Amino acid sequence: QVQLVESGGGSVQAGGSLRLSCTVFGYTDNSGCMGWFRLAPGKEREGVAGIDYNGIATYADSVKGRFAISKDNAKNTLYLQLNSLAPEDTAMYYCAFRWSGWWSWDYKAWDYWGQGTQVTVSS
């Protein structure tokens, strides 16, 4: 069974950095797509970044130039580097996986989710 476990969240001041990790268990095929969504209080779930089966990255406009997504296939681990953090980045960040090899902005299109890791940015 596919399981995803996130880590790396925490509390930082504005301008700081964090690196989130998502380890995937029960999956060794690189044909799918992986990505990150976030959920802030009072807002809808928002797509942040993803990598398709060809290794092509997709970013939300709000994080372009600040966040960087990468993955280590040998370790079955997905990363999200968060730089120049601002208070509006405060949210629960979720790792997601879908069997389709393509990125989707629709959270309902994703097949598996991690438990989430909290990112809090103070001004």
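Everything quoted here is computed from the prediction, not taken from an experiment. (Residues numbered from 1 in each chain as written. Predicted model: local features only at pLDDT ≥ 70, side-chain atom pairs only at ≥ 80, totals over all residues. Heavy atoms only, no water.)

Visitor: Can you walk me through the sheet that holds strand β1 (residues 3-7) in this structure?
Guide: Within the open sheet, the four strands sit side by side as β1-β3-β8-β7. Their pairing is antiparallel. Here the strands that pair on one side only, and so sit at the sheet edges, are β1 and β7 (67-72). Each neighbouring strand pair of the sheet contributes to a mean axis angle of 15 degrees, computed without reference to strand direction. Two elements, β1 and strand β3 (residues 18-25), share five bridges in a ladder whose sense is antiparallel. (Pairing = 2+ DSSP bridges. Helix = DSSP H or I, 4+ residues; strand = E, 2+ residues; numbered from the N terminus. Axes fitted to C-alpha atoms, helices over the stretch in contact; angles between N-to-C directions.)

Visitor: Explanation requested: the side chain of arginine 38 in the structure shown.
Guide: Tracing the sequence through the fold places arginine 38 in strand β4 (residues 33-39). Residue classification places arginine 38 among the buried residues on the basis of a relative accessible area of 6%. Here the side chain of arginine 38 touches glutamate 46 through a polar contact of 2.8 Å, side chain to side chain. Within the local environment of arginine 38, its side chain forms a polar contact with the side chain of aspartate 89, the two groups lying 3.0 Å apart. (Buried < 20%, exposed > 50% of the residue type's maximum accessible area, 1.4 Å probe, protein only. Polar contact = N/O pair within 3.5 Å; in protein donor to acceptor, adjacent residues only side chain to side chain.)

Visitor: Hey, could you run me through the side chain of aspartate 52 in this one?
Guide: Secondary-structure assignment places aspartate 52 in the loop between β5 (46-51) and β6 (57-59). For the buried residue aspartate 52, which engages in no salt bridge, the nearest side chain bearing the opposite charge is lysine 71, 7.1 Å off. Once residues within four sequence positions are removed from consideration, aspartate 52 is found in contact with Gly32, Cys33, Lys71, Gly101, Trp102 and Trp103. (Lys, Arg positive; Asp, Glu negative; His and termini not counted. Salt bridge = Lys/Arg side-chain N within 4 Å of Asp/Glu carboxyl O. Contact = heavy atoms within 4.5 Å.)

Visitor: Any chance you could explain the pairing of strand β9 (residues 91-98) here in plain terms?
Guide: Here is the key point about a regular strand: its side chains alternate between the two faces of the sheet. Among the eight residues that make up β9, seven are buried, leaving the element largely enclosed by the rest of the structure. In this sheet, β9 lies alongside β4 in antiparallel orientation, the contact comprising seven bridges. In the strand pairing of β9, tryptophan 36 is matched with cysteine 95. As paired strands, β9 and strand β11 (residues 117-122) are joined by three bridges and run antiparallel to one another. Across the sheet, residue methionine 92 finds its bridge partner in β11, namely glutamine 118. Summarising the sheet, β9 and strand β10 (residues 112-113) pair through two bridges and their orientation is antiparallel. Each residue of the ladder has a partner; that of alanine 96, found in β10, is tryptophan 113.

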